[in-house]
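# Results of the structural survey
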Amino acid sequence: MNQIFHNALVLAPHTDDGELGAGGSIAKLIENGTNVTYVAFSTAEESVPKGMAKDILKTEVKAATQALGIKSENLIIFSYQVRKLNYARQEILEKLIEIRKNNNFDLILMPSLKDIHQDHTTIAQEGLRAFKNTTILGYELIWNNLSFDTTCFIKLDKHHIQKKVSALQKYESQKNRDYMSEDFIFSLARTRGVQIGAKYAESFEVIRCVIN
């Protein structure tokens, strides 16, 4: 990664979104010395499978982000209600501005502006408002994207993808979802790699590019 990023912020509408969209890149950033902060806005208690603790996703996101190498003190978890983040839009914006003021981020990873999930749309729009003076890359979650501009690629090695898989395996409550499978994660990374003549990659939508 020739571009040096010192302080990156990952915005995840729900626990696991950041890992799914950018897990390999997060692993590579940390490997290259970038300080990464991860913010999850909802632990989706209403969507937890029956028989499991309602706060299980809070436990799982701690384990998953740790597996990627994110420091425990760099994990911020909010408890907004799943599918209703738009009702707290202004409060979320104010939280993001507060986070911005207390840090000096040079890279933001967040959902694509073309993501149609209502919670993802809210975080993408408010993330852009809060960090419009910073480089912003939108990660892809292909099951939520009717279209996606593959305008940025981060080349990855197999061990970066394996770290992503290992992180996602911490989400026992979500293991039955198709997009959590190791086969899918490696297949998508291989597909994106083929697009740029690399073995593996993750693709992003360039929302904002600020060159210092």
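The coordinates are above.
Here the residue numbering is sequential within each chain, running from 1 through the sequence in written order. It should be noted that, the model being predicted, local features are given only for residues of pLDDT at least 70 and side-chain atom pairs only at 80 or more, the latter also being counted only at that level, while totals for whole chains, interfaces and linings use all residues. As a rule here, side-chain values come from all non-hydrogen atoms in the structure, and water together with hydrogens is ignored.

### Topic: the environment of N212
Helix and strand definitions here come from DSSP, where helices need a minimum of 4 consecutive H or I residues and strands a minimum of 2 consecutive E residues; each element is numbered from the N-terminal end. On the secondary structure map, N212 appears in the segment after β7 (200–208). Exposed residues in this analysis have more than 50% of their type's maximum accessible area, buried residues have under 20%, and partly exposed residues fall in between, with area computed by a 1.4 Å probe over protein chains only. Residue class for N212 comes out exposed when judged on its relative accessible area of 90%. Sequence separation between N212 and M52 is 160 residues, and the spatial gap between their C-alpha atoms is 47 Å.

### Things to note about the nonpolar core
Core analysis: the biggest nonpolar cluster contains 42 residues, and I26, Y38, L109 and F204 have the highest contact counts within it. Apart from residues lying up to four places away in sequence, I26 is in contact with V10, G18, V36, L68, I70 and L109. The nonpolar core is taken to be a set of buried Ala, Val, Leu, Ile, Met, Phe, Trp, Tyr and Cys residues, with the residues joined through side-chain atoms within 4.5 Å. A contact between two residues is defined here by any heavy atoms of the two lying within 4.5 Å.

### Structural notes on the sheet that holds strand β3 (residues 75–77)
Strand pairing is assigned whenever DSSP identifies at least 2 bridges connecting the two strands. What the 7 strands build is an open sheet, ordered β3-β2-β1-β4-β5-β7-β6; its pairing is mixed. The open sheet is flanked by β3 and β6 (152–156), the only strands paired with a single partner. Strand-to-strand twist in this sheet, taken as the mean axis angle between neighbours without regard to direction, amounts to 25°. Strand direction decides the pairing type here: strand β4 (residues 107–111) and strand β5 (residues 136–139), joined by 4 bridges, are parallel. Only the contacting stretch of a helix is used when fitting its axis, a line to C-alpha atoms as for every element, and angles between N-to-C directions run 0 to 180 degrees.

### Brief notes about a positive patch on the surface
Like charges within 9 Å and nonpolar side chains (Val, Leu, Ile, Met, Phe, Trp, Tyr) within 5 Å are joined into patches, using only residues over 30% in relative accessible area that form no salt bridge. For every accessible area listed, the method is Shrake-Rupley and the probe measures 1.4 Å; residues are considered covered only by the protein chains on display. When a carboxyl oxygen of Asp or Glu lies within 4 Å of a side-chain nitrogen of Lys or Arg, that pair is called a salt bridge. Positive residues here are Lys and Arg, negative ones are Asp and Glu, while His and the chain termini are left out of the count. Each charge is placed at NZ for Lys, CZ for Arg, CG for Asp and CD for Glu. On the surface, R100, K101, K132 and R208 cluster together into a patch of positive charge. Mapped onto the fold, R208 is located in strand β7. Judged by relative accessible area, which is 38%, R208 ranks as partly exposed.

### Observations regarding the state of the cysteines
Two cysteine sulfur atoms make up a disulfide if the distance between them is within 2.5 Å. Counted by the stated rule, this structure contains 0 disulfides. C209 takes part in no disulfide bond, and the closest cysteine sulfur, belonging to C152, lies 8.4 Å away. Here C209 falls in the exposed class, since its relative accessible area comes to 55%.

### Brief notes about helix α6 (residues 182–195)
Helix length check: α6 (14 residues) gives 20 Å between terminal C-alpha atoms against 20 Å at 1.5 Å per residue, within 8%. Taken together, the buried positions of α6 are I185, F186, L188, A189, R192 and G193. With its buried residues spanning 160° around the axis, α6 presents them on a single face. Along α6, the residues that are exposed and aim more than 90 degrees away from the buried face are D183 and V194. Next to the buried residues of α6 lie α1 (17–31), β6, α5 (158–168) and β7. To estimate the expected span of a helix, count its residues, drop one, and scale the result by 1.5 Å. The arc in question is traced by the directions running from the helix axis to the C-beta atoms.

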